[in-house]
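The residues making up each chain are set out below.
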Amino acid sequence: HEDGTVRFWDASGVALKPLYRLSTAGIFQTDCDHNESLNQSNEEDWPPFRKVGCFDPYSDDPRLGIQKIALCKYSGKLMVAGTAGQVMVMDLNDEKSDHMINVVTVDLLQEREGFTWKGHDKLNPRNGSLFFPPGFQTAMLIQCIPPAAVTAIALHSEWNLVAFGTSHGFGLFDYHRRSPVLARCTLHPNDSLAMEGPLSRVKSLKKSLRQSFRRIRKSRVSGKKRPTGSPPSRLQEANAHLAEQAGPHDLDMAPVQRRIEPRSADDSLSGVVRCLYFADTFLRDAVHHGPTLWSGTNSGSVYAYALEVPSREKLSDRSAEAVLGKEIQLMHRAPVVSIAVLDGRGNPLPEPYEVSRDLAKAPDMQGAHSVLIASEEQFKVS
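Everything numeric here is computed off the predicted structure, so don't read it as measured data. (Residues numbered from 1 in each chain as written. Predicted model: local features only at pLDDT ≥ 70, side-chain atom pairs only at ≥ 80, totals over all residues. Heavy atoms only, no water.)

Bringing the pattern of salt bridges into the picture now. Following the criterion strictly, the structure yields four salt bridges and no others. In this structure, Asp61 and Arg63 form a salt bridge, with 2.9 Å as the shortest nitrogen-oxygen distance. Considered together, Asp61 and Arg63 belong to a single accessibility category, that of buried residues. Its salt-bridge partner being Arg274, residue Glu376 comes within 3.4 Å of it at the nearest N-O pair. A residue pair is termed long-range when its members are at least 10 positions apart, and Glu376 in the loop between strand S19 (370–375) and strand S20 (379–381) and Arg274 in strand S14 (residues 273–282) qualify at 102 residues. Given a relative accessible area of 31%, Arg274 falls into the partly exposed group. (Salt bridge = Lys/Arg side-chain N within 4 Å of Asp/Glu carboxyl O. Buried < 20%, exposed > 50% of the residue type's maximum accessible area, 1.4 Å probe, protein only. Helix = DSSP H or I, 4+ residues; strand = E, 2+ residues; numbered from the N terminus.)

The next point concerns the sheet that holds strand S7 (residues 102–107). Pairing is mixed across the open sheet formed by five strands, whose spatial order is S3-S4-S5-S9-S7. This sheet does not close on itself; its edge strands, each paired only once, are strand S3 (66–72) and S7. If you compare each strand with its neighbour and ignore which way they point, the axes differ by 20 degrees on average. Looking at chain direction, strand S5 (residues 86–93) and strand S9 (residues 135–145) are connected through eight bridges and run antiparallel. Bridge pairing in S9 places Leu92 opposite Phe136. (Pairing = 2+ DSSP bridges. Axes fitted to C-alpha atoms, helices over the stretch in contact; angles between N-to-C directions.)

Further remarks concern the packing of aromatic side chains. Scanning all chains against the criterion turns up six aromatic pairs. A ring pair is formed by Tyr20 and Phe136, whose centres lie 6.4 Å apart and whose planes are at 35 degrees; its orientation type is tilted. Pair noted here: Tyr20 is in strand S2 (residues 17–23) and Phe136 is in strand S9, with a separation of 116 residues, a long-range link. With relative accessibility at 10%, the residue Phe136 sits in the buried group. Geometrically, the ring pair formed by Phe170 and Tyr305 is edge-to-face, given 6.0 Å between the ring centres and 75 degrees between the ring planes. You can see Phe170 sitting in strand S12 (residues 169–174) and its partner Tyr305 sitting in strand S16 (residues 301–308), a full 135 residues away along the chain. In terms of burial, Phe170 and Tyr305 fall into one category: buried. Put simply, the rings of Phe8, Tyr20 and Phe136 pair up and form one aromatic cluster. (Phe/Tyr/Trp six-rings, centres within 6.5 Å; stacked < 30°, edge-to-face > 60°.)

Structurally, Glu95 is set in the loop between S5 and strand S6 (97–99). Residue Glu95 is classed as exposed on the basis of its relative accessible area of 57%. Distance from Glu95 to Gly135, taken between C-alpha atoms, is 7.5 Å for residues 40 residues apart in sequence. Not counting residues within four places of it along the chain, the set of residues in contact with Glu95 comprises Pro134 and Gln137. (Contact = heavy atoms within 4.5 Å.)

Here it is as structure tokens:
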């Protein structure tokens, strides 16, 4: 929710039942308590209205808004990301706790110079030890710089890794060693709107609509210019004559296809990370498989990284490492919305801990794996 809360509901019955309310506002310093002035103004209202619900529009900091959630039900890990670039890693604890939060800053623009963030400021965490009731308790706070809204996250509790992406790039973090593993900038040099924050959504929407209409107009014009073997009138007469002779069941109807117009490379917000995905698959060669991280952006770019994840015996000795193994650019440059790896039998790879707990079959590592990339225009299997 926008006030920084995550609510759990029981959906097993006919009606939803609230189970648990998790608030993240308590770990940040916010000066947004206007309850006294709100109550004073309501005293003079007539007829007197009784407040219903728990939403107070005057006490919510929009930076607290929750954007993405990832939950591992087997390990009790919860990953929550917000509007101001905050990424919180939480542990499920049955008892109350009083501890300090480890805060780490990850700069996603470390490879670029000359950019100035014009959006909202980041949320400042509270100092000292904080009290947490039983439930999910924040153990790690990762702050993205610039503090743009988090657009994609991924959690792999078996490898102790979390991945997060914004409109400027994506990062990889080892929460066991409490150290960043990777920070990659995806910002296009002409992408000025990504530096202005959420206040430029109206401008971005207008530009996006203009570009969409240009593509539609261009597609119609190119369709009209296609050479035809006969005049339009004779073609219509032939189609009508054919329709009278054969019924709908006698004809094999060809699927209607729309011509895909490639999008411009300097479209606004082209560096937005739309999806992140962990997979144990073949990336470097067809013989050795291992952990990988896949990232898809708004401009049709896919980055695949080979990960070196230490074994359980060496978790305390060294951190994970990431090496770029493959970079794919879709020709139509449409936003990549989902990525999945299929094993040798064509099945999606299981979730973390599912195989070790006998909740899913082990993936087929003998046959060749395939990657399924879904964009806003098409899906591609390779």
